[in-house]
Amino acid sequence: MTITQSDLAEAFSADKPASVPLLSSWESRSKPKTPPLHRLAAYATFFATKRSVEHRPYRLIPVEELTPDELRRREELLSELTDLRAAEQRDIGTAPEPDRAKRGFWYFDDRHVITIVVAQLPAERRAMMPYADPTQPDYVELYTYADLDALIELHGHIRALNPNSQVNFRIATDLAPDDYTTHLVLLGGVDWNLVTRELLTRVDLPVTQVGRHDDSESGGFVVHAQGAGERLFAPKLANIGGNEVLQEDVAHFFRGTNPFNHKRTVTVCNGMYGRGTLGVVRALTDGRFRDRNAEYLKQRFPDLDSYSILTRVQVVNGQVVTPDWNLPESRLFEWPEGQG
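Throughout what follows, the structure given in this document is the object of discussion. These numbers come from a predicted model, not from an experiment.

Glancing now at the packing of aromatic side chains. Counting across every chain of the model gives twelve aromatic pairs. Plain terms: the ring middles of Phe105 and Phe253 are 5.5 Å apart, the flat faces sit at 65° to each other, and that makes the pair edge-to-face. Here Phe105, found in the loop between α4 (68-92) and β1 (114-118), pairs with Phe253, found in strand β8 (residues 243-257); they are 148 residues apart in sequence, far enough to count as distant. For Phe253, a relative accessible area of 0% gives the class buried. Both rings, one in Phe301 and one in Tyr307, keep their centres 4.8 Å apart while their planes meet at 10°; by these two values the pair is stacked. Residue Tyr307 is classed as buried on the basis of its relative accessible area of 8%. Pairwise contacts between aromatic rings join Phe105, Trp106, Phe253, Phe301, Tyr307 and Trp325 into one cluster.

What follows is the structure in C-alpha cells.
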C-alpha cells in the first residue's frame, strides 16, 4: 500500500508535532538531514505492525500495546535505523553526544561497551510457549528471555543516550570473559540471573534477596539496618477470584563499581517479580520521573561510587506505576545510611 509523507506526519504528530516538509528533509535524496533518534523510534514503531494502517487516520500504536512479534520487529528496525544513522554521523565526524541538559543517569561519557544482562527463562517455563522451542519454525529467541519488557525499555533508552557506544544484551549464561569487564547492567534477581547472584556476593551490601523456590512463595529482601536488626520487605499479593494478584512488588536498585573492572560500573535493577524489575528500570527511563529521580540520587548520594535503594513498585490493574523516589513512601531502605 502507499503511505505518504502526509500520512506519516499525521501519525508522528501524536508523539510530537511533525510536518510534511520535516519528513521531506529526512527523506531527501539530494540534501538529506539526519533525523533525531526519537523520530527513528517512531518510524520503527509505525512499520513494526500492520495495525498502524488498519484505519484512517493512521496512527502510532503505543509500544506497550505491541505484541512480542511486533516488539521484535520494532527492535530490528530501530537497530537498523540507528546503525545507519551512526554510520552517517561517522562519515561526517563523531556522532554528537546528547547536550548536557539531556544527559540522564544512563549516559556513559567514556563511550565504552555497555552490556545488559538478563536471565533465560527456566526450561519448564519455555516448554509452556511454542515460540520458545528452537525446533519450531516460528521460534523467537526473545521469548526465552526473562524480564523482556524491562530489557526492551532499557536497551532503547541506553542506545539513544549513548550513540557512540556499543550496547549489547546477553543471556547471563552466555557471557564471554570480555563482557564481564564492560559497563554491566543486570536485570532480574538471584533466582534466575546467575550474574546478579555472583556479583552481589562480591559487594558488601546490607541487603540480601530471599529467592522464590516456586510460584507459591513471594520471597523478599532482607535488610540488615544499623542498630535495628533484620527486617524483611516482601511483595503484597491478594487472592482475587481464586487467583494470586500482585498489588505491590519490592525492587532493588544498586549502582557501584564493577568488581571485574574498577574502571567500569555495574547497575542492578532487580524486583521479586518481573513487574518490580520493570518498575525500577522505569524509575530512570520514564520521561515524567527519570530526571527528578536522577536528581534525587545526585543529592542523596553525592560523589559516592556505590549506593542502593530498596523501593516499592505499585501495580494497579496489572499495570506498573513508576516509583517517585522523592516520595518517602516509595523508598523502603537506602544505603549507605546517613548520607546526603
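This next bit is on the sheet that holds strand β6 (residues 229-233). Ordered in space as β4-β5-β6, the three strands form an open sheet in which the pairing is antiparallel. Since the sheet does not close on itself, it has two edges, and those belong to β4 (207-210) and β6, each with one partner. Here the average twist between neighbouring strands, direction ignored, is 25°. The pairing of strand β5 (residues 220-225) with β6 spans five bridges and is classified as antiparallel. Opposite Val222, over in β6, you have Leu232 as the bridge partner.

So, about the packing of helix α6 (residues 148-161) against helix α8 (residues 274-282). Helix packing for two helices is described by the angle between their axes and how far apart those axes are. The contact between α6 and α8 brings their axes to 8 Å, and the two run at 15°. With respect to their mutual orientation, α6 and α8 come out roughly parallel. Seen along the crossing, α6 lies across α8 with a hand that is left-handed. Within the contact between the two elements, α6 uses Asp149, Ala150, Glu153 and Leu154 and α8 uses Thr277, Leu278, Val281 and Arg282. Considering only residue class, the contact of α6 with α8 consists of four nonpolar, one polar and three charged.

Another point: the environment of Phe105. A relative accessible area of 14% means that Phe105 is categorised as buried. Spatially, the C-alpha atoms of Phe105 and Leu297 are 9.2 Å apart, while their sequence positions differ by 192 residues.

With an omega of -5°, the peptide bond between Arg56 and Pro57 qualifies as cis. By the element assignment, Pro57 lies in the loop between α3 (37-47) and α4. Of note in this structure, Asp147 is not a glycine but carries a positive phi near 55°. Since its relative accessible area comes to 15%, Asp147 is described here as buried.

The next point concerns the environment of Gly220. Secondary-structure assignment places Gly220 in strand β5. Here the alpha-carbon distance between Gly220 and Leu232, two residues twelve residues apart in the chain, equals 6.4 Å. Beyond its immediate chain neighbours, meaning those up to four positions away, Gly220 contacts Thr208, Gln209, Val210, Leu232, Phe233, Ala234, Pro235 and Met272.

Conventions used here
- Residues numbered from 1 in each chain as written.
- Predicted model: local features only at pLDDT ≥ 70, side-chain atom pairs only at ≥ 80, totals over all residues.
- Heavy atoms only, no water.
- Phe/Tyr/Trp six-rings, centres within 6.5 Å; stacked < 30°, edge-to-face > 60°.
- Helix = DSSP H or I, 4+ residues; strand = E, 2+ residues; numbered from the N terminus.
- Buried < 20%, exposed > 50% of the residue type's maximum accessible area, 1.4 Å probe, protein only.
- Pairing = 2+ DSSP bridges.
- Axes fitted to C-alpha atoms, helices over the stretch in contact; angles between N-to-C directions.
- Parallel < 35°, antiparallel > 145°, perpendicular 65-115°, else oblique.
- Left-handed = near helix turned anticlockwise from the far one by under 90°.
- Contact = heavy atoms within 4.5 Å.
- Nonpolar A, V, L, I, M, F, W, Y, C, P; charged D, E, K, R; others polar.

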